[in-house]
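Okay, here's what each chain looks like letter by letter:
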Amino acid sequence: MKKILISMFLLIFSLCLVGCDTNMTSLPEEMPEDFSFALTFGFNGYYDSKTGVLKNGYNYDLDCECETTLLFTEQELKEIYEIFLEGSIDRWNEKLTVSDNLVNPSYTIDIFFTANNKTIDITIYGASYISFDKWENGVKLGKAYYKIVNQYIKESEEYKALPENQILYD
């Protein structure tokens, strides 16, 4: 009898753990036709997948905005969509503070994600100079964000061809 009770308890406990994961995404596995995203990075970085606009500050020597066009292939967009799925992007609050250790100067991260006619707008505070694995909240989201910025945007030929951002911060 004891073994049966213990087995039933373990079964119910296991089902509760599986059913109570609030970080699971409700987004479809297949990338929707209307998928697009925009995000900021660093102090002046900005990318919009719908328009392809990629910005990263200003170059005073050349007297120009550091701006170009970066268009991802359909396959790259599918990979990026999967990264957002892994980060459960649809499960995050509109405003997220990942650390109370505010660094000066500091920047705010904005992520705009559109899929299935729904746009998610996330603002992340306190992420300046803090690696995603140290974020007090949102480690999964941080991992997804930095993977997209570092492996897809900053590794692109278009980003590498931008003039140097010469804006100084106090």
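Parameters at a glance
Residues numbered from 1 in each chain as written. Predicted model: local features only at pLDDT ≥ 70, side-chain atom pairs only at ≥ 80, totals over all residues. Heavy atoms only, no water. Helix = DSSP H or I, 4+ residues; strand = E, 2+ residues; numbered from the N terminus. Buried < 20%, exposed > 50% of the residue type's maximum accessible area, 1.4 Å probe, protein only. Contact = heavy atoms within 4.5 Å. Areas by Shrake-Rupley, 256 points an atom, 1.4 Å probe, with all protein chains shown as cover. Expected span 1.5 Å × (residues − 1). Pairing = 2+ DSSP bridges. Axes fitted to C-alpha atoms, helices over the stretch in contact; angles between N-to-C directions. Parallel < 35°, antiparallel > 145°, perpendicular 65-115°, else oblique. Left-handed = near helix turned anticlockwise from the far one by under 90°. Nonpolar A, V, L, I, M, F, W, Y, C, P; charged D, E, K, R; others polar.

J.: Even after reading the chapter, I still don't get the overall build of the protein chain, so can you show me in this structure?
T.: Counting secondary structure elements, the protein chain contains four helices and seven strands. Residues classed as buried in the protein chain amount to 39% of the 170 residues present. Intrachain contacts of the protein chain at a sequence separation of at least 6 include 68% that bridge at least 24 residues. Per element, the accessible surface of the protein chain, about 10,700 Å² overall, is 53% carbon and sulfur.

J.: Help me out: how do you make sense of helix α2 (residues 74-86) in this one?
T.: Note on helix geometry: an α-helix contains 3.6 residues per turn, so any two residues three or four positions apart are oriented the same way. With 13 residues, α2 extends 19 Å between its outermost C-alpha atoms, agreeing within 8% with the 18 Å of an ideal straight helix rising 1.5 Å per residue. Considered for burial, the residues of α2 that qualify are Leu77, Ile80, Tyr81, Ile83, Phe84 and Leu85. Phi turns positive, to about 50°, at Ser88, one or two residues after α2.

J.: Even after reading the chapter, I still don't get the pairing of strand β7 (residues 118-125), so can you show me in this structure?
T.: Side-chain direction in a regular strand flips from residue to residue, so the side chains alternate between the two faces of the sheet. Sheet topology note: the strand β5 (residues 95-97)/β7 ladder contains three bridges and is parallel. Each residue of the ladder has a partner; that of Thr97, found in β7, is Tyr125. One ladder, built from seven bridges, connects strand β6 (residues 109-115) with β7; its direction is antiparallel. Its bridge partner lying in β7, Ala115 is registered against Lys118. Hairpin connection, β6 to β7: the antiparallel pair is bridged by two residues, and Asn116 has positive phi, about 55°.

J.: Teacher, can you tell me more about unusual backbone geometry here?
T.: With glycine set apart, most residues show a phi of negative sign, and most peptide bonds adopt trans. In this structure, Ser88 is a non-glycine residue whose phi angle is positive, near 50°. Looking at where Ser88 falls in the secondary structure, it is placed in the loop between α2 and β5. In the Ramachandran plot, Asn116 falls in the positive-phi region, its phi being about 55° despite a non-glycine side chain. With respect to the secondary-structure elements, Asn116 resides in the loop between β6 and β7.

J.: When you look at the sheet that holds strand β4 (residues 64-69) in this model, what are you seeing that I'm missing?
T.: Think of a sheet as strands paired side by side through backbone hydrogen bonds, with each pair either parallel or antiparallel. If you trace the seven strands from one edge of the open sheet to the other, you get β4-β3-β2-β1-β6-β7-β5, paired in mixed fashion. Each edge of the sheet is formed by a strand with only one pairing partner; in this case those strands are β4 and β5. Neighbouring strand axes in the sheet, compared pairwise and without regard to direction, differ in orientation by 15° on average. Here strand β3 (residues 53-59) runs beside β4; their pairing, made up of five bridges, is antiparallel. Bridge pairing in β4 links Leu54 to Thr68.

J.: Is there a simple way to think about the pairing of strand β1 (residues 36-41) in this case?
T.: Of all six residues in β1, six are buried; the element is thus mostly enclosed. Where β1 lies against β6, four bridges are found, and the strand directions are antiparallel. When the sheet's bridge partners are listed, Leu39 is paired in β6 with Ile111. Where β1 lies against strand β2 (residues 45-48), four bridges are found, and the strand directions are antiparallel.

J.: Got a minute to help me understand helix α3 (residues 139-153) in this structure?
T.: Between its terminal C-alpha atoms α3 stretches 20 Å, which fits the 21 Å expected from 15 residues at 1.5 Å a residue. Within α3, burial applies to Leu141, Gly142, Ala144, Tyr145, Tyr146, Ile148, Val149, Tyr152 and Ile153.

J.: Help me understand the packing of α2 against α3, please; the structure alone is not making it clear to me.
T.: Helix-helix packing: each pair is described by the crossing angle between the helix axes and the interaxial distance. Running from amino to carboxyl end, α2 crosses α3 at an angle of 160°, the nearest separation of the two axes being 8 Å. Relative to α3, the element α2 is oriented roughly antiparallel. In this structure, α2 crosses over α3, and the sense of that crossing is right-handed. Seen from α2, the contacting residues are Glu76, Glu79, Ile80, Ile83, Phe84 and Glu86; seen from α3, they are Lys140, Ala144, Lys147, Ile148 and Tyr152. Across the contact of α2 with α3, the residue classes tally to six nonpolar, no polar and five charged.

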